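Breakdown of the fold
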Amino acid sequence: MLAAWFTPRVGDELVPDEGEYIVDEVRHHWIVFVPRVFELVLAVGLVVLDDVPGVPHLVVLPAAALLARCVAKVLLDHMDRFVITNFRVFRVHGFLDRQTATMPLSRILDITVTTPLLGRVLEYGHFVFESAAQAQGLRDIRYIGHPHERDLTMQRVIQRAGLRRNATSVSREVVVREVSGPNPSKSRPSGPPPSGPPPSGPPPSGPPPSGPQSAGPHPSRTGRGAGTSRRRRVGFGG
């Protein structure tokens, strides 16, 4: 019972019935605990200073406050986890007040990896997510160990999720077509059936009728027809 308060328990957030599984669970880099070590040393120093003669005993109060702050920050950093699954990414954080922020892989538009100078030496960095819906608590993920390797892992998961969605949509379309069958309106002839006997006898023969074909002007006399000039005016704005 007490161990549940000090364990993130990210497995409780999964949906195993849908086949969801954890690809990577990201903890904070150890660099975040370095300031806590200095705070702990300072708190112990204040406690030792309290035993020195002539020093007021009021130094115990700031030592206790600093020690409490150190323990709280260590627990918060330990409980803060960023999880990558085959469906989504989510973040679980909080000690007394547990918070969970989640975002599907399809909403991730861009990932920015920031690596400071010290991070290049100690191999840590920060993630900045640009998504279709800016989820609170998931835009900035800081102090991640081996950021470039985890960025490549996330890119692979996003690509596989996209291919899986395309394959699923194609298979569903094929199943719908097989169930519904061919469209009867395409195989059925349109219009009423012909009535009456077909015409009999040879086709009419003889020379074509002579005389003028039309009373309009000949294209060679006018240079171009009226229809061509309209299209050219529309096309070129003349």
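Everything discussed here concerns the structure shown above.
Here we summarise the structure given alongside this text. (Residues numbered from 1 in each chain as written. Predicted model: local features only at pLDDT ≥ 70, side-chain atom pairs only at ≥ 80, totals over all residues. Heavy atoms only, no water.)

Turning our eyes to something else, we now look at unusual backbone geometry. Positive phi, normally seen in glycine, also occurs at Tyr143, with a value near 55°. Considering the arrangement of structural elements, one finds Tyr143 in strand S7 (residues 140-145). Of the residues examined, Tyr143 reaches a relative accessible area of 29% and is grouped as partly exposed. The phi dihedral of His146 falls on the positive side, at around 50°, and the residue is not glycine. Note that His146 resides in the loop between S7 and helix H4 (147-180). (Helix = DSSP H or I, 4+ residues; strand = E, 2+ residues; numbered from the N terminus. Buried < 20%, exposed > 50% of the residue type's maximum accessible area, 1.4 Å probe, protein only.)

Here we come to the pairing of strand S2 (residues 81-85). For S2, the buried fraction is high: 5 of the 5 residues fall into the buried class. The alternating pattern of S2 places Arg81, Val83 and Thr85 on one face and Phe82 and Ile84 on the opposite face, and all of these are buried. Relative to S2, strand S1 (residues 22-26) is paired through 4 bridges, and the arrangement is antiparallel. For Asp24, the partnering residue across the bridge sits in S2 and is Ile84. Both S2 and strand S3 (residues 88-93) contribute to a ladder of 4 bridges, which runs antiparallel. (Pairing = 2+ DSSP bridges.)

On to the packing of helix H1 (residues 34-50) against helix H2 (residues 60-79), then. Following both chains from N to C, one finds H1 and H2 inclined at 160°, their axes separated by 9 Å at the closest point. As summarised for this structure, H1 and H2 are arranged roughly antiparallel, according to the angle between their axes. Every pair of crossing elements has a handedness; the one defined by H1 and H2 is left-handed. From H1, Arg36, Glu39, Leu40, Leu42, Ala43, Leu46, Val47 and Asp50 reach across to H2, where they touch Val60, Pro62, Ala63, Leu66, Leu67, Arg69, Cys70, Lys73, Val74 and Asp77. Considered class by class, the residues forming the contact of H1 with H2 number 12 nonpolar, no polar and 6 charged. (Axes fitted to C-alpha atoms, helices over the stretch in contact; angles between N-to-C directions. Parallel < 35°, antiparallel > 145°, perpendicular 65-115°, else oblique. Left-handed = near helix turned anticlockwise from the far one by under 90°. Contact = heavy atoms within 4.5 Å. Nonpolar A, V, L, I, M, F, W, Y, C, P; charged D, E, K, R; others polar.)

Tallying each qualifying case throughout the model produces 4 aromatic pairs. For the pair Phe127 and Phe129, a centre-to-centre distance of 6.0 Å together with 90° between the ring planes defines the contact as edge-to-face. Taking relative accessible area as the criterion, Phe127 reaches 1% and is therefore assigned buried. Since its relative accessible area comes to 1%, Phe129 is described here as buried. Three or more aromatic residues joined by ring pairs form one cluster here, namely Phe82, Phe127 and Phe129. (Phe/Tyr/Trp six-rings, centres within 6.5 Å; stacked < 30°, edge-to-face > 60°.)

With respect to the element layout, Glu20 can be found in the segment before S1. Of note is the side chain of Glu20, whose polar atom sits 2.9 Å from the backbone nitrogen of Val15. Among the polar contacts listed, one links the side chain of Glu20 to the side chain of Thr85, at a separation of 3.0 Å. Every residue in contact with Glu20, bar those within four places of it in the chain, is listed here: Glu13, Leu14, Val15, Thr85, Asn86, Phe87 and Arg88. (Polar contact = N/O pair within 3.5 Å; in protein donor to acceptor, adjacent residues only side chain to side chain.)

Once that is clear, we can look at H1. The terminal C-alpha atoms of H1 lie 25 Å apart, and with 17 residues this matches the ideal 24 Å at 1.5 Å per residue to within 8%. Of the residues making up H1, those classed as buried are Arg36, Glu39, Ala43, Leu46 and Asp50. Seen end-on, H1 carries its buried residues on one side only, within an arc spanning 80°. Facing away from the buried side of H1 by more than 90 degrees, the exposed set consists of Phe38, Val41 and Val48. On its buried side, H1 packs onto H2. (Expected span 1.5 Å × (residues − 1). Arc of directions from axis to C-beta.)

Further remarks concern a nonpolar patch on the surface. A cluster of nonpolar side chains, contributed by Leu40, Val44, Val48, Leu67 and Val71, occupies part of the molecular surface with about 400 Å² of accessible area. Taken together, the elements giving at least two residues each to the nonpolar patch come down to H1 and H2. Per element, the largest residue contribution to the nonpolar patch is 3 residues, and it comes from H1. Structurally, Val48 can be placed in helix H1. (Patch = residues over 30% accessible without salt bridge, like charges linked within 9 Å, V, L, I, M, F, W, Y side chains within 5 Å. Areas by Shrake-Rupley, 256 points an atom, 1.4 Å probe, with all protein chains shown as cover. Salt bridge = Lys/Arg side-chain N within 4 Å of Asp/Glu carboxyl O.)

For Ala63, the location among the structural elements is in helix H2. For the pair Ala63 and Glu39, spaced 24 residues apart in sequence, the C-alpha to C-alpha distance is 9.4 Å. Not counting chain neighbours up to four residues away, the residues in contact with Ala63 comprise Ala43, Leu46 and Val47.

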